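Report on the structure
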Amino acid sequence: MDLEGISAVSAAVVAALGVSAAILVGRWQMRGALRAAEETGRAGIAQAQSTYRAALDAVHIAADATHRQWRRGIRRDAYANFLLAMTRCVQAAEALPTGQTSAAQLTVAEDGLAQAKHDLTAALWVVKLEGPTGVAHIAGRVSGLTRDLTTALTRRAEHFRAGDKLHRLGLTNPLAVELERALIEIVAVVEESGYNTHPAAPPQEVAEAVGQARALYERMADDIGAYEWIALLNEALNYLPDPVALQGQLSSTVEELLPACRQALDARPRIEDLSAAEFVEADS
């Protein structure tokens, strides 16, 4: 091969080597660029995830705060409605007629008391539903005492109406006067004997006084009804519950309920965990 042929071959080899080197350098550069792009992409994804979690946490915290405020308002309304229902129930019992009244007026008053008792039961169920357990327990005691008090007030009103009727009958009927005296005698005997409970066999003197009064009642049963007679007799025997004592017990229990309600309304869940399970635990 002459000198020109050797030069041509050498030039071709050099050119081929240059192209290969360029390809290798390009690949290295592309791999570096891809690795940089992957790193940038991973960093961007991590930043996006962090931003998303922070935004989601902020939404959760805001939603939890709104829920707590809503729940507090529901509980406050439940407690207030229960206390109002209790007050209305007592007022309805206190408004029962105690003197001469028409059957229609008495029916209206008794229906009002029945509705007030129904409203009290409904309000208690709402308190039990909303909780917490401590408040619901005390509210149940308040409801029970309220019913006991309304029963006592109802019995007292029945006695007053019966006594008023007997007194008016005594203006024209001597038997009514004798029955009044017989009932007074029962009161005196009960006080002397200390008989103020319900034993199976009352003292003989009490039984005799009751027998004399019952004999007079039977002679004028057309004028004094059975319910009126029972109301008069129960009062004479000191069987009727004392409204004053029950009112005191109710007031004391209400004073116990109020701070429990305030504590439930002011309670806050722990900050470190805002999960739903934590709120259930905090509210219980």
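Keep in mind the model is a prediction, meaning the values are calculated, not measured.

1. Here's the deal with the nonpolar core
Formed by 35 residues in total, the largest nonpolar core has its most connected members in Tyr79, Phe82, Val127, Val135, Val142, Leu250 and Leu257. Looking at this core element by element, the count peaks at ten residues for helix α1 (residues 3–94). Every residue in contact with Tyr79, bar those within four places of it in the chain, is listed here: Val127, Gly131, Pro132, Val135, Cys261, Ala264 and Leu265.

2. Digging into the packing of aromatic side chains
Inspection of every chain in the model, using the stated rule, returns one aromatic pair. Its end group placed over the ring of Trp125, Lys128 keeps NZ or CZ at 4.9 Å from the ring centre.

3. Observations regarding a negative patch on the surface
Taken together, Glu185, Glu191, Glu192, Glu205 and Glu208 make up a surface patch of like negative charges. Of all the secondary-structure elements, those providing two or more residues to the negative patch are α4 (174–193) and α5 (204–219). Of the residues forming the negative patch, the biggest block, three residues, is contributed by α4. Turning to its location among the elements, Glu185 is positioned in helix α4.

4. Focus on the layout of surface pockets
What the largest pocket holds in volume is close to 350 Å³. If you trace the largest pocket, you find 18 residues lining it, with Leu106, Glu158, Arg161, Ala162 and Glu228 closest to the centre. Looking at the lining of the largest pocket, the elements with two or more residues in it are α2 (103–130), α3 (133–169) and α6 (226–236). Across the lining of the largest pocket, the residue classes tally to seven nonpolar, five polar and six charged.

5. Some thoughts on the confidence of the model for the protein
Close reading of the predicted structure is inappropriate where its pLDDT is low. Averaged over the protein, the pLDDT score is 80; the fraction of residues at 70 or greater is 70%. Low pLDDT, under 50, characterises residues 270–284; the predicted model gives this stretch 15 contacts beyond four residues in sequence or across chains.

6. As for the packing of α3 against helix α7 (residues 243–266)
In the contact formed by α3 and α7, the axes pass within 9 Å of each other and the chain directions differ by 155°. As far as their axial angle goes, α7 and α3 are roughly antiparallel. Between α3 and α7 lies a crossing whose hand is left-handed. For the pair α3 and α7, contact is made by Val135, Ile138, Ala139, Arg141, Val142, Leu145, Thr146, Asp148, Leu149, Ala152, Leu153 and Arg156 and by Pro243, Leu246, Gln247, Gln249, Leu250, Thr253, Val254, Glu256, Leu257, Ala260, Cys261 and Ala264, respectively.

Criteria and thresholds
Residues numbered from 1 in each chain as written. Predicted model: local features only at pLDDT ≥ 70, side-chain atom pairs only at ≥ 80, totals over all residues. Heavy atoms only, no water. Core = buried A, V, L, I, M, F, W, Y, C linked by side-chain atoms within 4.5 Å. Buried < 20%, exposed > 50% of the residue type's maximum accessible area, 1.4 Å probe, protein only. Helix = DSSP H or I, 4+ residues; strand = E, 2+ residues; numbered from the N terminus. Contact = heavy atoms within 4.5 Å. Phe/Tyr/Trp six-rings, centres within 6.5 Å; stacked < 30°, edge-to-face > 60°. Lys NZ or Arg CZ within 6 Å of the ring centre and 35° of its normal. Patch = residues over 30% accessible without salt bridge, like charges linked within 9 Å, V, L, I, M, F, W, Y side chains within 5 Å. Areas by Shrake-Rupley, 256 points an atom, 1.4 Å probe, with all protein chains shown as cover. Salt bridge = Lys/Arg side-chain N within 4 Å of Asp/Glu carboxyl O. Lys, Arg positive; Asp, Glu negative; His and termini not counted. Charge placed at Lys NZ, Arg CZ, Asp CG, Glu CD. 1 Å grid on protein atoms, 1.4 Å probe; cavity = no way out; pocket = protein on both sides within 12 Å on 5 of 7 lines; lining within 4 Å. Points joined across faces, edges and corners; volume = space filled by probe spheres on them. Nonpolar A, V, L, I, M, F, W, Y, C, P; charged D, E, K, R; others polar. pLDDT = per-residue confidence, 0-100. Axes fitted to C-alpha atoms, helices over the stretch in contact; angles between N-to-C directions. Parallel < 35°, antiparallel > 145°, perpendicular 65-115°, else oblique. Left-handed = near helix turned anticlockwise from the far one by under 90°.

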